[in-house]
Amino acid sequence: MDGSTAALDELAAELVLLRQVDEQLSKLKSLRTKLQGKVKAALGKTEVGTVAGVPVVSYKHVTSIALDQSILKKNFPDVAEQCLDITETRRFVLLKAS
């Protein structure tokens, strides 16, 4: 990274639109979470919900297996270090408008 900047004046309208899209996505994600919560609460411990007798939603138990890196690092630090996969990426962040 060279820390340089690029003038994006010609994309000002697109950046405004991007901010609006991000705001709407945030609101929609929040609404989705609330609606899912209501449906999950109504389902209780059951796994399938119906409307007029037709299945419309399932909420099933799923078992996941994951590697706990903190345990690996604590008990086998040398192995953990050998298993590191370090990659460099770029992160896009829309900065607050001033």
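What counts and what doesn't
Residues numbered from 1 in each chain as written. Predicted model: local features only at pLDDT ≥ 70, side-chain atom pairs only at ≥ 80, totals over all residues. Heavy atoms only, no water. Helix = DSSP H or I, 4+ residues; strand = E, 2+ residues; numbered from the N terminus. 1 Å grid on protein atoms, 1.4 Å probe; cavity = no way out; pocket = protein on both sides within 12 Å on 5 of 7 lines; lining within 4 Å. Points joined across faces, edges and corners; volume = space filled by probe spheres on them. Patch = residues over 30% accessible without salt bridge, like charges linked within 9 Å, V, L, I, M, F, W, Y side chains within 5 Å. Areas by Shrake-Rupley, 256 points an atom, 1.4 Å probe, with all protein chains shown as cover. Salt bridge = Lys/Arg side-chain N within 4 Å of Asp/Glu carboxyl O. Buried < 20%, exposed > 50% of the residue type's maximum accessible area, 1.4 Å probe, protein only. Pairing = 2+ DSSP bridges. Contact = heavy atoms within 4.5 Å.

A. How the structure looks around unusual backbone geometry. Phi is positive for Ala52, close to 55°, though the residue is something other than glycine. Within the element layout of this structure, Ala52 appears in the loop between β1 (48-51) and β2 (54-58).

B. Looking closely at the layout of surface pockets. Quantified by volume, the largest pocket comes out at close to 330 Å³. Residue lining of the largest pocket: Leu8, Ala12, Leu15, Val16, Arg19, Arg91, Phe92, Val93, Leu94 and Leu95, and that is the complete set.

C. Region of interest: a nonpolar patch on the surface. The grouping of Val39, Val51, Val54, Val56 and Val57 at the surface amounts to a nonpolar patch, some 380 Å² of accessible area in total. In terms of residues, the nonpolar patch owes the most to one element, β2, which gives three residues. Inspection of the secondary structure assignment puts Val56 in strand β2.

D. Molecular detail of the environment of Gly53. Of note, Gly53 is situated in the loop between β1 and β2. Owing to a relative accessible area of 61%, Gly53 belongs among the exposed residues under this scheme. Along the chain, Gly53 and Phe76 lie 23 residues apart, while their C-alpha atoms are 54 Å from each other.

E. Fine view of the pairing of β2. Taken together, the four bridges between β1 and β2 define a ladder with antiparallel strand orientation. Note that in β2 the partner of Gly49 across the bridge is Val57. Here β1 folds back onto β2, and the loop between the two strands holds two residues, one of which, Ala52, carries a positive phi near 55°.

F. Summary view of the environment of Gly49. Structurally, Gly49 is set in strand β1. Between the C-alpha atoms of Gly49 and Val39, which are 10 residues apart in sequence, the distance is 8.5 Å. When neighbours within four sequence positions are excluded, Gly49 is seen to be in contact with Leu43, Val54, Pro55, Val56 and Val57.

G. Quick peek at the pattern of salt bridges. Inspection of every chain in the model, using the stated rule, returns one salt bridge. Between Glu23 and Lys27 there is a salt bridge, with its nearest N and O atoms 3.3 Å apart. Of the two residues, Glu23 and Lys27 both sit in helix α1 (residues 12-43), four residues apart, roughly one turn of that helix. Since its relative accessible area comes to 45%, Glu23 is described here as partly exposed. Accessibility expressed as a relative area gives 48% for Lys27, which makes it partly exposed.

No statement about biological role is implied by the geometric values presented.
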